[in-house]
Each structure stands twice: as C-alpha cells, then as structure tokens.
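Okay, here's what each chain looks like letter by letter:
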Amino acid sequence: MQDVIIENTLDRLCSEELATYFSHVVCNGGQCDFLFDERPFTLRAGDSMVIIANRLVSQLRPSTDFVVRVVYVSPTFLEATRPTNNYQIKGSIALYHNPVMPLLWDEHRLLNIDIDQLELRLRDPDKHFFIDSITHVLQVMYIDFFEFHRRLGSESPIPERAGELMNQFIALLESGIYRTERNVAYYASRLCITPKYLSEVTNLVSGHSANYWIQRFTSLEISRLLREKSLTPTEIADRFGFSSLSYFTRFVSRTLGFTPSELRKQ
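In this report, we go over the structure that sits alongside the text. (Residues numbered from 1 in each chain as written. Predicted model: local features only at pLDDT ≥ 70, side-chain atom pairs only at ≥ 80, totals over all residues. Heavy atoms only, no water.)

Some points on the side chain of Gln-215
Selection rule: By definition, any uninterrupted DSSP run of H or I lasting at least four residues is a helix, any uninterrupted run of E lasting at least two residues is a strand, and each is numbered from the N terminus. Under the scheme applied here, a residue whose accessible area is under 20% of the maximum for its type counts as buried, over 50% as exposed, and between as partly exposed, the area being computed with a 1.4 Å probe on protein chains only.
Inspection of the secondary structure assignment puts Gln-215 in helix H8 (residues 210-228). We classify Gln-215 as buried; its relative accessible area is 18%.

See the structure below:
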C-alpha cells in the first residue's frame, strides 16, 4: 500500500519520491542530528518527530546505534483518515517551528504499539475491510501524536472559522503557488476574504503574518535549490518569477542573510 509506508531508516526522508508525504517518526535508540528549516535539531532515543514538509529536512547525521521507525503517509490518504480535531491545525503550525517531541516512557511505548498494529494490518491487503482497518489504526496513531504534542505546549482555543482559513491558506502554500504568487491579496482573494482579515487570522493562529508564511515558503525552497546546484541562479530566479537576477539576489540576501553565490558554497 503506497499511501502508507513503514521503514526502519530515515534514508528516504529527504527523497524526491516521498517529498510530499507526512512523516511520523519514533526513535528507539541512538540519535540523529539534522537541519530542519536550516536550524539544527537532534532526534534522540525516546523522542518522536512529525515532519509535515520533508523538503525542510537536510544533512541527516545518524549515530552508529541509531534505531528508528518511520511511517510515511501520502497527503491524500492523510486528509481522508486523520480525525476531525481543531487541534491539528495549531499543532501543524507548531511543527513548522519544532518537529521533535520528547516523550514519556508510556507515550513512547504506545506509539510503538500503534506502529506494530499498522504493520500487522498492512501485511494482509486482501482483507475485505483492509482500508477501514488501516484508517482506524492511523487515526488512533494521529490522536496519540496530537495528545503528546498538546502536553508539551499550551493549547489555547482557536475559533473554528479561523482554523479552517489557516488550514486552507497553508494548503495553498504547500501546493507551490508561492513560486509565482507572493502577494497577500492573491491568497485573500482565493479564500474570499480581505488581505487585512487574512493577516489577522494568521497572526491569531500562528503568531505570524500572512506575508511571513509566504516569504518563508519561498525562501526555504530557494535555499534548497541553491544548495542542490541542479539549477543556476538565473533559472531559479525565472522559476520564481523574479524580473531580474539582481532583484532575485536582493530578495535572497534580505530573507536568508546570504547572497545566492554564498549559499551555493555551503
């Protein structure tokens, strides 16, 4: 079942093949250093991790005794199976800032049981209620992740309408529209609200303006492309609709603190 993949390594976490999948990780031994959103993190034994944007992960450096389990879920299957819970909106926003969650012993054990159940049911795809069983086991796993993540931070209530709008706004950004559309008014129009109201909503839910999220998605992908070196700076500037290479260079310097040539050397 390619909508749900379980592996015992993070080798494919940064792969293009699984770039759009949501990754649910449990570390059972050792540790792994990595960069997320260009910031250093460490996943240690007893930790869990949820990555909702695999392209933000780079420079994985696992220890020799690193033991891990990861569940990859396709975005379409995730949308169809995750439980209806307003917390997932705020939780998802928080995971863009810090994907690692230290667990209590019982929580760590429970997530391993969830993955055991998922593995067991994935072995028999010919069962009549196969999809139903996978759906319900995944929902239990999601609820456990939500519960553990909520324990680690304060949960202030989010108005339902604001949560829905934030979810739709992030979904637009995750679709890649930011490569050509970086005006708040465009996204507000797509959501049938005013630019001022969109920024009010994003500030309420995430603590950041709509423009912050647009610029963040844009600068992170540009940074990744410059480091990969598969495209020239001119080709990247064209892909993102910059009118000139000099304008592109100014944007990169302002948002990332480095010139394109400096980023390519890193």
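With respect to the packing of helix H5 (residues 160-174) against helix H7 (residues 195-206)
Condition: Helix axes are fitted to C-alpha atoms over the stretch in contact, other axes to C-alpha atoms as well, and angles between N-to-C directions run from 0 to 180 degrees. Oblique is the label for any angle not covered by the other classes, which are roughly parallel (under 35 degrees), roughly antiparallel (over 145) and roughly perpendicular (65 to 115). Contact between two residues is taken to exist if any of their heavy atoms lie within 4.5 Å; hydrogens are not considered. Three residue categories are used. Nonpolar comprises Ala, Val, Leu, Ile, Met, Phe, Trp, Tyr, Cys and Pro, charged comprises Asp, Glu, Lys and Arg, and polar comprises the others, including Gly.
Where H5 contacts H7, the two axes come as close as 9 Å, and the packing angle between them is 100°. By the angle between their directions, the pair H5 and H7 is classed as roughly perpendicular. Contacts between H5 and H7 involve Arg-161, Ala-162, Leu-165, Met-166 and Phe-169 from the first element and Tyr-197, Leu-198, Val-201, Thr-202, Leu-204, Val-205 and Ser-206 from the second. When the residues that make up the contact of H5 with H7 are grouped by side-chain class, the tally is nine nonpolar, two polar and one charged.

Quick look at the packing of H8 against helix H10 (residues 245-256)
One way to put it is that H8 packs onto H10 with a least axis distance of 10 Å and a crossing angle of 105°. By the angle class used here, H8 and H10 are roughly perpendicular. Contacts between H8 and H10 pair Gln-215, Thr-218, Ser-219, Ile-222, Ser-223 and Leu-226 from the former with Phe-248, Phe-251, Val-252, Arg-254, Thr-255 and Leu-256 from the latter. In terms of residue class, the contact of H8 with H10 is made up of six nonpolar, five polar and one charged.

Overview of the sheet that holds strand S2 (residues 22-29)
What counts is decided by this rule: The pairing criterion is simple: DSSP has to find at least two bridges between the two strands.
The antiparallel open sheet is built from five strands, whose spatial order is S1-S7-S2-S5-S8. Both outer strands of the open sheet, strand S1 (4-7) and strand S8 (100-102), are each paired with one neighbouring strand and no more. Averaged over all adjacent pairs, the angle separating strand axes in this sheet is 15°, with direction ignored. Of the pairings in the sheet, the one linking strand S5 (residues 47-51) to S8 comprises three bridges and is antiparallel in character. Paired with Met-49 across the bridge in S8 is Val-100. Those strands touched by helix H3 (residues 105-122) are S1, S2, S5 and strand S7 (67-73), and its axis lies near 120° from that of S2.

So, H7
Heads up, the condition is: Residue count minus one, scaled by 1.5 Å, sets the expected span of a helix. By definition, the arc is the one covered by directions from the helix axis to the C-beta atoms.
Across its twelve residues, H7 extends 16 Å between first and last C-alpha, which sits within 8% of the 16 Å expected from 1.5 Å per residue. Restricting attention to buried positions, one finds in H7 the residues Leu-198, Ser-199, Val-201, Thr-202, Val-205 and Ser-206. For H7, the buried positions fall inside an angular range of 160° around the axis, keeping them on one side. H7 presents Lys-196 and Leu-204 as exposed residues on the side facing more than 90 degrees away from its buried surface. Count one or two residues on from H7 and you reach Gly-207, which has phi positive near 85°.

Quick word on the nonpolar core
The tendency in soluble globular proteins is for nonpolar side chains to be buried side by side. Selection criterion: As used in this record, nonpolar core signifies buried Ala, Val, Leu, Ile, Met, Phe, Trp, Tyr and Cys residues forming a set joined through side-chain atoms within 4.5 Å.
In terms of nonpolar packing, the biggest core is built from 82 residues, with Leu-138, Phe-169, Leu-173, Tyr-187, Leu-198, Trp-213 and Ile-222 touching the most fellow members. Ignoring any residue separated from it by four or fewer positions in sequence, one finds Trp-213 in contact with Ile-93, Tyr-96, His-97, Met-166, Phe-169, Ile-170, Leu-173, Ser-206 and His-208.

Side note on the sheet that holds strand S4 (residues 39-44)
What the three strands build is an open sheet, ordered S4-S3-S6; its pairing is antiparallel. The sheet is open, and its two borders are formed by S4 and strand S6 (57-62), each paired with just one other strand. The sheet shows a mean angle of 20° between the axes of neighbouring strands, taken without regard to direction. Strand direction decides the pairing type here: strand S3 (residues 31-36) and S6, joined by four bridges, are antiparallel.

Some remarks on the packing of aromatic side chains
Inclusion rule: Two rings from Phe, Tyr or Trp (for Trp, the six-membered ring) form a pair when their centres sit within 6.5 Å of each other. Planes less than 30 degrees apart are called stacked, planes more than 60 degrees apart edge-to-face, and all others tilted. Charge-over-ring placement is defined geometrically: NZ (Lys) or CZ (Arg) within 6 Å of the ring centre, and within 35 degrees of the ring normal.
According to the stated counting rule, one finds ten aromatic pairs in the structure shown. Here the aromatic rings of Phe-169 and Tyr-187 are separated by 5.6 Å at their centres, their planes lie at 90°, and the arrangement is edge-to-face. Linking Phe-169 in helix H5 with Tyr-187 in helix H6 (residues 184-190), this pair joins segments that are 18 residues apart in sequence. Here Phe-169 matches Tyr-187 in class, with each residue buried. Here a set of aromatic residues connected by ring pairs shows up, and it is made of Phe-242, Tyr-247, Phe-248 and Phe-251. For Arg-182, the ring lying beneath its charged end belongs to Phe-242, and the centroid distance is 4.5 Å.

Quick word on the pairing of S4
As defined by bridge partners, S3 adjoins S4 across six bridges and the pair is classed as antiparallel. From the neighbouring strand, Cys-32 faces S4, where its bridge partner is Leu-43. In this structure, the hairpin formed by S3 and S4 is closed by a connection of two residues, where Asp-37 is found at a positive phi of approximately 55°.

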